[in-house]
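Chain residues, written in single-letter form:
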Amino acid sequence: MKVKMGAMHAIYICPFFTENALSFLYRFIHIDGVRLSLVSQDPVEALPYEIRQGLAGHWRIADCLQKDELLAACKGLGKQLGKAGRIFAATEHIQIQVAWVREQLEVPGLPVETVKKFRDKGVMKEFFRAKGVPCARHCSATNGLASVAPANRLAPVNRVAARPCFVGIMGNSFAIG
């Protein structure tokens, strides 16, 4: 691991070293003016040598979905390498947790309430509707049976066209349609 003196410390939160993650990491370590640290669930030893050598630091945690673990890791890297100027992630599932960590550490970036508007489609639609932007109707249900009546109310079936209907697990990105 190397240190670029005078460069901004940035922390990239990357749960797993997928092919895309490795591609991002390779590019990130070559950005002038940035000392990149990494928080992950995977061990740093799983990274290619060139990427390992380009990192300023690494902190392994058990679960990147746990905001308290992310906060502890970012604080730990900050103590070792100086306060982070940026904390970011490419993985959609952890954007709210990453935003919360930024807020706790007073690091610039999108706040939690803004991130929720693109992670939770119901919140996004309510926000758009309040601003006068037309949106498809939606509802939330706690189980499959509970979703039938609201779905029929929101988009009654007729003989001309079938209604689009998407079912997802709240708080996740899983959906079927």
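The structure we're discussing is the one just above.
Throughout what follows, the structure given in this document is the object of discussion. (Residues numbered from 1 in each chain as written. Predicted model: local features only at pLDDT ≥ 70, side-chain atom pairs only at ≥ 80, totals over all residues. Heavy atoms only, no water.)

Here's the deal with the packing of helix α4 (residues 95-105) against helix α5 (residues 112-119)
Then step 1. Where α4 contacts α5, the axes come no closer than 9 Å and their chain directions differ by 175 degrees. It follows from the interaxial angle that α4 and α5 lie roughly antiparallel. Contact residues: α4 offers Gln95, Ile96, Ala99, Trp100, Arg102 and Glu103, while α5 offers Val112, Val115, Lys116, Phe118 and Arg119.
Then step 2. A class-by-class count of the residues in the contact of α4 with α5 yields 6 nonpolar, 1 polar and 4 charged. (Axes fitted to C-alpha atoms, helices over the stretch in contact; angles between N-to-C directions. Helix = DSSP H or I, 4+ residues; strand = E, 2+ residues; numbered from the N terminus. Parallel < 35°, antiparallel > 145°, perpendicular 65-115°, else oblique. Contact = heavy atoms within 4.5 Å. Nonpolar A, V, L, I, M, F, W, Y, C, P; charged D, E, K, R; others polar.)

Details of the pattern of salt bridges
Then step 1. Inspection of every chain in the model, using the stated rule, returns 1 salt bridge.
Then step 2. Ionic pairing is found between Lys116 and Glu113, a salt bridge with its closest N-O pair at 3.5 Å. Residue Lys116 and its partner Glu113 are both found in helix α5; the two are separated by 3 residues, about one turn of the helix.
Then step 3. Since its relative accessible area comes to 31%, Lys116 is described here as partly exposed. (Salt bridge = Lys/Arg side-chain N within 4 Å of Asp/Glu carboxyl O. Buried < 20%, exposed > 50% of the residue type's maximum accessible area, 1.4 Å probe, protein only.)

So, the environment of Asp42
Then step 1. Inspection of the secondary structure assignment puts Asp42 in the loop between β2 (34-40) and α2 (49-54).
Then step 2. It is 6.8 Å that separates the C-alpha atoms of Asp42 and Phe17, two residues lying 25 residues apart in sequence.
Then step 3. Polar side-chain contacts of Asp42 include one of 2.8 Å to the backbone nitrogen of Phe17. (Polar contact = N/O pair within 3.5 Å; in protein donor to acceptor, adjacent residues only side chain to side chain.)

Re the nonpolar core
Then step 1. Counting residues in each nonpolar core, the largest one holds 24 residues, and the members touching the most others are Ile11, Ile13, Val39, Cys74, Ile87 and Val101.
Then step 2. Taken together, the elements giving at least two residues each to this core come down to β1 (8-13), α3 (67-81), α4 and α5.
Then step 3. Here this core takes 6 residues from α3, the largest share from any one element.
Then step 4. Look past the residues within four positions of Val101 in its chain and what remains in contact with it is Lys67, Leu70, Leu71, Cys74 and Ile87. (Core = buried A, V, L, I, M, F, W, Y, C linked by side-chain atoms within 4.5 Å.)

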